Amino acid sequence: MLTLNDISKNVIDMQYEVRGALVTRAGQMEKEGRTIVKCNLGNPQELGQRPLSYLRQVLALVTSPDLIGTSIKDQNGNEVIHADLHQRARTIIDITRTVGRYTESAGLEYVRRQVAEFITRRDSIPASPDMIMLTDGASPAVKSVLQAIISSPKTGIMIPVPRYPLYSASITALGGQAVGYYLDEEHDWETNVAEMERAYSEAKKRGIDIKALVVINPGNPTGDVLPEHDIIDTIKFAQEHNLTILADEVYQDNIFNGNKFYSFAKHVLELKADDVSLFSFHSGSKAVGECGLRMGYMEMRNIPTEVYDQMVKIQSVSLCANHIGQVAMGLMVTPPRPGEASFTIYDREYKELQRNLEEKAKLMYEGINRIPGMHTAEIQGAMYAFPHLDLPAGKTDVDYCTTLLEETGILFVPGSGFGQRAGTNHFRTTLLPPKAELASMLSKLEKFHKVFVA
Ligand SMILES: Cc1ncc(COP(=O)(O)O)c(C=O)c1O
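Per-chain numbering applies: the sequence of each chain, read as written, is numbered from 1 onward. Reporting in this predicted model follows two pLDDT cut-offs: at least 70 for local features of residues, and 80 or more for side-chain atom pairs to be given and counted; totals over whole chains, interfaces and linings ignore these cut-offs and use all residues. Based on all heavy atoms of the structure, the side-chain values leave hydrogens and waters out of the count.

K.L.:
How do you make sense of the nonpolar core when you look at a structure like this?
P.N.:
One recurring pattern in soluble globular proteins is that nonpolar side chains are buried together. If you look at the biggest cluster of nonpolar residues, it comprises 70 residues, and the most contacted ones within it are Leu55, Val115, Met158, Ile245, Phe264, Val327 and Met329. Setting aside its immediate chain neighbours within four residues, Val327 contacts Leu59, Val62, Ile92, Val99, Leu108 and Tyr110. Core analysis: the second largest hydrophobic core is formed by 68 residues, Val214, Phe256, Leu391 and Leu404 among them. We call a set of buried Ala, Val, Leu, Ile, Met, Phe, Trp, Tyr and Cys residues a nonpolar core when their side-chain atoms join them within 4.5 Å. We call a residue buried when its accessible area falls under 20% of the maximum for its residue type, exposed when it is over 50%, and partly exposed in between, using a 1.4 Å probe and counting protein chains only. In what follows, a contact means two residues having at least one pair of non-hydrogen atoms within 4.5 Å.

K.L.:
How should the state of the cysteines be read in this particular structure?
P.N.:
As used in these notes, a disulfide is a covalent bond between sulfur atoms, one from each of two cysteines. Our working definition of a disulfide is a cysteine sulfur pair at a distance within 2.5 Å. Counting across every chain of the model gives zero disulfides. Looking at the unpaired Cys39, the closest cysteine sulfur is the one in Cys401, lying at 11 Å.

K.L.:
Any chance you could explain the site of the ligand here in plain terms?
P.N.:
Consider each residue's heavy atoms; a residue with any of them within 4 Å of a molecule or strand counts as near. If you check the shell around the ligand, you find 14 residues, and the closest are Ser139, Asn220, Asp248, Tyr251 and Ser285. For the ligand, an oxygen atom lies 2.6 Å from a polar atom in the side chain of Asn220. In this structure, Asp248 approaches the ligand through a side-chain N or O atom, which is 2.6 Å from a nitrogen atom. Methods summary: accessible areas were calculated by the Shrake-Rupley approach with a probe of 1.4 Å, and residue burial reflects only the protein chains presented. In isolation the ligand exposes 390 Å². Once the protein is present, 94% of that is buried. Elements with a minimum of two residues in the shell around the ligand: helix 6 (138-149) and helix 11 (284-287). Lys, Arg, Asp and Glu make up the charged group, whereas Ala, Val, Leu, Ile, Met, Phe, Trp, Tyr, Cys and Pro make up the nonpolar group; the residues left over, Gly among them, are polar. Its residues assigned to classes, the shell around the ligand comprises six nonpolar, five polar and three charged. Here a polar contact is recorded for every N or O atom pair within 3.5 Å, except that within protein the pair must consist of a potential hydrogen donor and a potential acceptor, and residues adjacent in sequence are included only if both atoms are side-chain atoms. Only runs of H or I of at least four residues qualify as helices and only runs of E of at least two qualify as strands under DSSP, and these elements are numbered from the N terminus.

K.L.:
What is the right way to read the pattern of salt bridges from this model?
P.N.:
If charged atoms from side chains of opposite charge come close, those side chains can pair. Should a side-chain nitrogen of Lys or Arg be within 4 Å of a carboxyl oxygen of Asp or Glu, the pair is scored as a salt bridge. Taken as a whole and assessed by the stated rule, the structure comprises 19 salt bridges. Glu46 is paired through a salt bridge with Lys38; the nearest N and O atoms lie 3.3 Å apart. Relative accessible area serves as the criterion here: at 48%, Glu46 is assigned to the partly exposed category. For Lys38, a relative accessible area of 23% translates into the label partly exposed. The salt bridge involving Glu109 is made with Arg113; its shortest N-O contact spans 3.6 Å. Highlighted residues: Glu109 and Arg113, both in helix 5 (residues 109-123), separated by four residues, approximately one helical turn.

K.L.:
Sorry, what's going on with helix 7 (residues 165-173) here?
P.N.:
For an α-helix, 3.6 residues make a turn, and residues three or four places apart therefore share a direction. Within helix 7, seven of the nine residues are buried, which leaves it mostly tucked inside the rest of the structure. For helix 7, the set of buried residues is Pro165, Leu166, Tyr167, Ser168, Ala169, Ser170 and Ile171. Looking at the packing, one finds that the buried side of helix 7 touches helix 6, strand 3 (155-161), strand 4 (177-182), strand 5 (209-216) and strand 6 (244-248).

K.L.:
Hey, could you run me through helix 2 (residues 21-31) in this one?
P.N.:
The set of residues buried in helix 2 consists of Leu22, Ala26 and Met29. Around the axis of helix 2, the buried residues are gathered within 60° of arc, so they sit on the same side. Seen from the buried face of helix 2, the exposed residues on the opposite side, beyond 90 degrees, are Ala21 and Lys31. The secondary structure elements touched by the buried residues of helix 2 are helix 15 (397-408), strand 12 (410-411) and strand 13 (413-414). It is the directions from the helix axis to the C-beta atoms whose arc is reported.

Geometric descriptors of this kind do not, in isolation, establish any biological role.
Here it is, written out as structure tokens:
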């Protein structure tokens, strides 16, 4: 029989805290009838966010093409699905025939073209469908790049700390070395080139062969949006040390308080940094909250064709990304336009979704910073806060989050699950619970905190 001794050490060593022991305990508590406030995972629909109607309606028609052109009325006699969406579904089916077949490994060409046009609209830069791959969300895309790059136990990948555990877990599983560089909490979790240089040179001294640098913008777990000068400095740092950049931009549509998203692709091009290879990742999980559809893409720049072919080969081992997810990605980057019948509903739903998250970011920021001994930087984007906790000597953020869960049912992820400077304590919370629930969560947290630190 297969025993734990037979399992790869890399797999055993791999940690993925956002679904770790506390989550298991919360599951048990739920079975015992306790209510859990799930602030542990950026999973919007789990917490009640509604999908965008146009996207689901086109998918409904595309997955059941016999319904295309059929009138479906609501209780008031109004058409549920507007004619422009029936037309869209017809066009998709004419191109792709059926979502029940495998596609080409890199993904449907017409969707890759739509994605390239989206990048051009977003950044006013040229983009090629031949350098885009459609993927089952950003996670497998990231893993495929790491798989391609990690070639020995000495291969190093620089990752931000606090980090999103996808990176640390995948690097461990693939047998490479994660080289952490700290983000600057004092300055809204920005990147800092001096700190990157420190991390780089210390790892070099240990004989690590650093090949790539990961940047997450907007940040998870930190909720920061990188200013343009950080992006430029990071590209120059990568150029100087011949590092490939992995730019995780899955939260690019979740931006608050007038902050602005700048892509790495635009700046690599503007800096004429033709010798810096760049992989940029985007996903439908956060932009439109469709985590379960597993839709994403990866755009590559300054990558030789032979390397691109290797990336496609890796994807071809899984045949292709989920076909429905590919169609959904095409829909995400081509929402209804003014003048189309479905535009009004789309516009209302999308703005509501954005406004709701922004309001919750404000509520969270004010609620956390009201509590003595707790502080969060401005929540500029993404869907998280990563507050700093002052705790009594001998207490850790794991103690804090464990006791909090047992006593109140609030589920956070301890900061140690993401990495943090030695001697500091944090937790990560999502902004996702409905507003009323968030307000009551914050007041329970305040009461709990006062007792815990007393
Ligand atoms: C920074 C970051 N990258 C990637 C992902 C995974 O995205 P996907 O659902 O597209 O795999 C997440 C999910 O929370 C994330 O926070």
